[in-house]
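# Tertiary structure, described
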Amino acid sequence: MVEERRATVAVVGGSGYTGLELLDRLARHGEVEVAWASSRSEAGRPTPVPGVRFTERTEADLEGLDLVFLCLPHGAAVPWAAAAGAAGVRVIDLTADHRPGSGREAGVVYGMAEHAADSVADASMVANPGCYPTGVILALAPLLEAQMIDTARAITVSAASGVTGAGRSPKRELLFAEVHGDFRAYGLGNGHRHLLEMRARLPGAGLLFVPHLLPVPRGILETIAVPVGADVRAEAVTDVWREAYRDSPAVSIAVDEAPTLSDVTGTDRLILYATDNPGLAPPTLT
């Protein structure tokens, strides 16, 4: 039996939290070979992939690759993506540079596999969804399609993320002594950059998005207040979710109780849960 060739991949910007998580998963993948991983600050140090050390690289070092992952600071992925395209190397961009609303999304597949698995599999370039938009879009898109949401009223998203969501670069406001015992909102005024992505994927939905910083390392908890029609109840919403994600192993639907942060931290899981709010009129779900 002829052994199938493993895909040869590289990770650009592999020493941030996103890059390290990705390298750890690639090390356990079995169908890929990591050719190299770049990092200016960690050059020479070992990566999570056995036998692979961080190195400095340029866009010229793409020869022989099947796929390159871009885990760079936002704004730095564009030249790499262009060079990879010219070299015939497929790209998965984990930055915001090519996501919906960026102005560079033409010809790029949005990598939310639950909604576009076939397109993702065949794409030459994939824009990986942002952290906050993943939960919001997966929760709301099926409800919009089912016409359950009262789009004349605003959807309120109160979202809280662990500190690693802000990246690994040292910042005073993210030091342990600054975040421990505290809880703060940021991106106020409905101006967070992830709103562009959400609005592009949820046309017609009015969103009020307020992100918060949790004093924990990882995980996201989003509480979404959804205005619905008078006859819409949580049970019907749960049924729509079940149908939409019946073939999506990473998405679970909770029924008995709301999920907690510890239910998903360190996994690729998203858990959805709906409850009625009979005290609010007109009807609202969370």
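For the structure given in this document, a descriptive report is provided here. By convention here, each chain's residues receive numbers from 1 onward along its written sequence. Local features are withheld for residues below a pLDDT of 70 in this predicted model, meaning they are given only at 70 or higher, and side-chain atom pairs are given and counted only at 80 or more; totals for whole chains, interfaces and linings count all residues. Computation of side-chain values covers all heavy atoms of the structure but excludes hydrogens and water.

### Re the sheet that holds strand E5 (residues 90-93)
Our working rule: Two strands make a pair as long as DSSP finds a minimum of two bridges between them. Secondary structure elements are taken from DSSP: a helix is a run of H or I of four residues or more, a strand is a run of E of two residues or more, and numbering for both begins at the N terminus. Contact definition: two residues touch when any of their heavy atoms are within 4.5 Å. Under this scheme, a helix contributes an axis fitted over its contacting stretch, all axes are lines through C-alpha atoms, and angles between N-to-C directions fall in the 0 to 180 degree range.
An order of E3-E2-E1-E4-E5-E7-E6 is seen for the 7 strands of this open sheet, with the pairing classed as parallel. Each edge of the open sheet is held by one strand with a lone partner, namely strand E3 (54-55) and strand E6 (109-110). In terms of strand pairing, E6 meets strand E7 (residues 125-127) through 2 bridges, oriented parallel. Across the sheet, the residue bridging to valine 109 is valine 126, located in E7. Set on the sheet, helix H2 (residues 78-86) makes contact with strand E1 (7-12), strand E2 (32-38), strand E4 (67-70), E5 and E7; between it and E4 the angle comes to about 175°.

### So, the pattern of salt bridges
The cut-off we apply is this: Throughout this description, the term salt bridge denotes a Lys or Arg side-chain nitrogen within 4 Å of a carboxyl oxygen of Asp or Glu. For each residue, the accessible area found with a 1.4 Å probe, counting protein chains only, is set against the maximum for its type, and the residue is called buried under 20%, exposed over 50%, and partly exposed in between.
Applying the stated criterion across every chain, the model contains 10 salt bridges. Taking the shortest distance from any N to any O, the salt bridge between arginine 153 and aspartate 150 comes out at 2.9 Å. Among the residues examined, arginine 153 registers a relative accessible area of 22% and is labelled partly exposed. According to the relative accessible area criterion, aspartate 150 is partly exposed, its value standing at 26%. Here arginine 246 ties to glutamate 243 by a salt bridge, and the two come within 2.5 Å at their closest N and O atoms. A relative accessible area of 55% means that arginine 246 is categorised as exposed. Shared partners join several salt bridges into a network, and the residues in it are Glu21, Arg25 and Arg218.

### Looking at unusual backbone geometry
Positioned with a positive phi, glutamine 147 is a non-glycine residue whose angle comes to about 60°. Within the element layout of this structure, glutamine 147 appears in the loop between helix H4 (131-145) and strand E8 (155-161). On the accessibility criterion, glutamine 147 (72% relative accessible area) is exposed. Of note in this structure, asparagine 190 is not a glycine but carries a positive phi near 55°. Residue position: asparagine 190 is located in the loop between strand E9 (184-185) and helix H6 (194-201).

### Observations concerning the side chain of serine 161
Within the secondary structure, serine 161 sits in strand E8. Among the residues examined, serine 161 registers a relative accessible area of 6% and is labelled buried.

### Remarks on the packing of aromatic side chains
As a reminder, the rule being used: Note on aromatic pairs: the rings of Phe, Tyr and Trp (six-membered ring only in Trp) are paired at centre separations within 6.5 Å, and the planes decide the class, stacked below 30 degrees, edge-to-face beyond 60, tilted for the rest.
Applying the stated criterion to the full structure yields 2 aromatic pairs. Ring centres 6.3 Å apart and planes at 50° place the aromatic pair tryptophan 36 and tryptophan 80 in the tilted group. With a gap of 44 residues between them, tryptophan 36 in strand E2 and tryptophan 80 in helix H2 connect regions that are remote in the sequence. The class for tryptophan 36 is buried, based on a relative accessible area of 4%. What makes tryptophan 80 buried here is its relative accessible area of 8%.

### Some remarks on the sheet that holds strand E10 (residues 207-213)
Here we have 5 strands laid out as an open sheet, ordered E9-E10-E8-E11-E14, and mixed in their pairing. For this open sheet the edge positions go to E9 and strand E14 (284-285), each flanked by a neighbour on one side alone. Bridge count between E8 and strand E11 (residues 220-227): 6 bridges; the pairing is antiparallel. Each residue of the ladder has a partner; that of threonine 156, found in E11, is alanine 225. Docked against the sheet, H4 engages E8, E10 and E11, running at close to 35° with respect to E11.

### Description of H4
Each full turn of the α-helix corresponds to 3.6 residues, which orients residues three or four apart in the same direction. Rule in force here: Each helix should span, by expectation, one fewer than its residue count multiplied by 1.5 Å.
Between its first and last C-alpha, H4 extends 22 Å over 15 residues, near the 21 Å set by a 1.5 Å rise per residue. Counting buried positions along H4 yields 11 of 15 residues, so the element is predominantly enclosed. Among the residues making up H4, those that are buried are Tyr132, Pro133, Gly135, Val136, Ile137, Leu138, Ala139, Leu140, Ala141, Pro142 and Leu143. Positive backbone phi, at 60°, marks glutamine 147, one or two positions downstream of H4.

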